[in-house]
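Okay, here's what each chain looks like letter by letter:
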Amino acid sequence: MMAFDLASKTMSWHNTLSGADDGVPAGIAFDGSQLLVAAATSMPQGFTGIMAVNPADGTVTKRTQYDVAPWGVIAPDATAQLVGDRLVLNNGGWLHVITQEQLNGTRAIRPRWLAHVIPRNGEVNPHYMMMTGNFVMHGDMVMGCGLYTDVENGSLVRKSKLFHIQLP
């Protein structure tokens with residue numbers, strides 16, 4: 001991660017976050033005072049969770065670990081947006097919602113998973129939509145392109161369309 005000072009036209013700081021306990025920065029959101037960085041693992045036993053980073057100097061001020069056993073890790077292509085007091089991640093296609101209380105706490109994060117079921121019968125069972133790329137927010141509605149499986153002319157095909165998912 002690095003910061004560029006527009007006034008002086010110089011690099012203000014840069015932090016590779018490459019220490020033994022660090023993760024790879026993926027999705028980044030700004031809460032008005034700090035950067036909230038969703039970190040993917042960079043090595044076995046590496047950190048996966050949310051790091052608070054001081055935008056003035058690039059120092060990591062807090063690490064909040066994901067509860068990896070039941071909730072998994074953060075994907076290296078995760079995207080993040082802050083919506084009110086909630087951090088919303090597209091975590092490899094799965095939408096995760098993390099509250100401010102979780103970010104401020106000391107316990108491992110157990111995000112709320114926003115599972116959008118695609119109802120199907122026959123050859124294709126009901127399954128979950130997988131969000132692709134970034135997403136936009138419209139009030140409390142997550143909007144983005146999602147992938148799902150369907151049957152077309154007797155063959156299984158992957159399709160995509162715009163999905164709207166209400167935040168809890």
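Note: the structure precedes this text.
In short, a report on the structure. The shown structure was predicted, so the numbers you read here are calculated from the model rather than taken from an experiment.

### What to know about the pairing of strand β6 (residues 60-65)
Here is step 1: As paired strands, strand β5 (residues 49-53) and β6 are joined by 5 bridges and run antiparallel to one another. Among the inter-strand pairings, V53 is bridged to a residue of β6, identified as V60.
Here is step 2: The antiparallel pairing of β5 with β6 creates a hairpin that spans 6 residues between the two strands, and G58 there sits at a positive phi of about 80°.

### As for empty space enclosed by the protein
Here is step 1: With the rule as written, the count across this model stands at 1 cavity of 30 Å³ or more.
Here is step 2: A volume near 30 Å³ is recorded for the largest cavity.
Here is step 3: Considering the residues around the largest cavity, the lining is formed by G93, W94, L95, W113, L114, A115, H116 and M129.
Here is step 4: Put simply, the parts of the chain that give the lining of the largest cavity at least two residues each are β9 (94-99) and β10 (112-114).
Here is step 5: Looking at the lining of the largest cavity residue by residue, the class counts come to 6 nonpolar, 2 polar and no charged.

### What to know about unusual backbone geometry
Here is step 1: Backbone geometry at K9 places phi at a positive 55°, although glycine is not the residue there.
Here is step 2: Residue position: K9 is located in the loop between β1 (2-5) and β2 (10-14).
Here is step 3: Positive phi values are uncommon outside glycine, yet N153 reaches one of about 55°.
Here is step 4: For N153, the position within the fold is in the loop between β15 (141-152) and β16 (155-166).
Here is step 5: Accessibility expressed as a relative area gives 80% for N153, which makes it exposed.

### Topic: the environment of V142
Here is step 1: Within the element layout of this structure, V142 appears in strand β15.
Here is step 2: For V142, a relative accessible area of 0% puts it in the buried group.
Here is step 3: Sequence separation between V142 and Q166 is 24 residues; the distance between their C-alpha atoms is 6.3 Å.
Here is step 4: Look past the residues within four positions of V142 in its chain and what remains in contact with it is V88, L95, M131, F135, V136, M137, F163, H164, I165 and L167.

### Some points on the packing of aromatic side chains
Here is step 1: Evaluated as defined, the whole model comprises 4 aromatic pairs.
Here is step 2: Summarising the aromatic geometry, the rings of W94 and Y128 are spaced 6.1 Å apart at their centres and angled 75° between planes, so their arrangement reads as edge-to-face. With W94 in strand β9 and Y128 in strand β12 (residues 127-128), this residue pair connects regions lying 34 residues apart in the sequence.
Here is step 3: Its relative accessible area of 37% is what places Y128 among the partly exposed residues.
Here is step 4: Between W113 and Y128, the aromatic rings sit 4.9 Å apart at their centres with planes inclined by 65°, giving edge-to-face as the arrangement. With a gap of 15 residues between them, W113 in strand β10 and Y128 in strand β12 connect regions that are remote in the sequence.
Here is step 5: A relative accessible area of 34% places W113 in the partly exposed class.
Here is step 6: Clustering of aromatic rings is evident, with ring pairs tying together W94, W113 and Y128.

Parameters at a glance
- Residues numbered from 1 in each chain as written.
- Predicted model: local features only at pLDDT ≥ 70, side-chain atom pairs only at ≥ 80, totals over all residues.
- Heavy atoms only, no water.
- Pairing = 2+ DSSP bridges.
- Helix = DSSP H or I, 4+ residues; strand = E, 2+ residues; numbered from the N terminus.
- 1 Å grid on protein atoms, 1.4 Å probe; cavity = no way out; pocket = protein on both sides within 12 Å on 5 of 7 lines; lining within 4 Å.
- Points joined across faces, edges and corners; volume = space filled by probe spheres on them.
- Nonpolar A, V, L, I, M, F, W, Y, C, P; charged D, E, K, R; others polar.
- Buried < 20%, exposed > 50% of the residue type's maximum accessible area, 1.4 Å probe, protein only.
- Contact = heavy atoms within 4.5 Å.
- Phe/Tyr/Trp six-rings, centres within 6.5 Å; stacked < 30°, edge-to-face > 60°.

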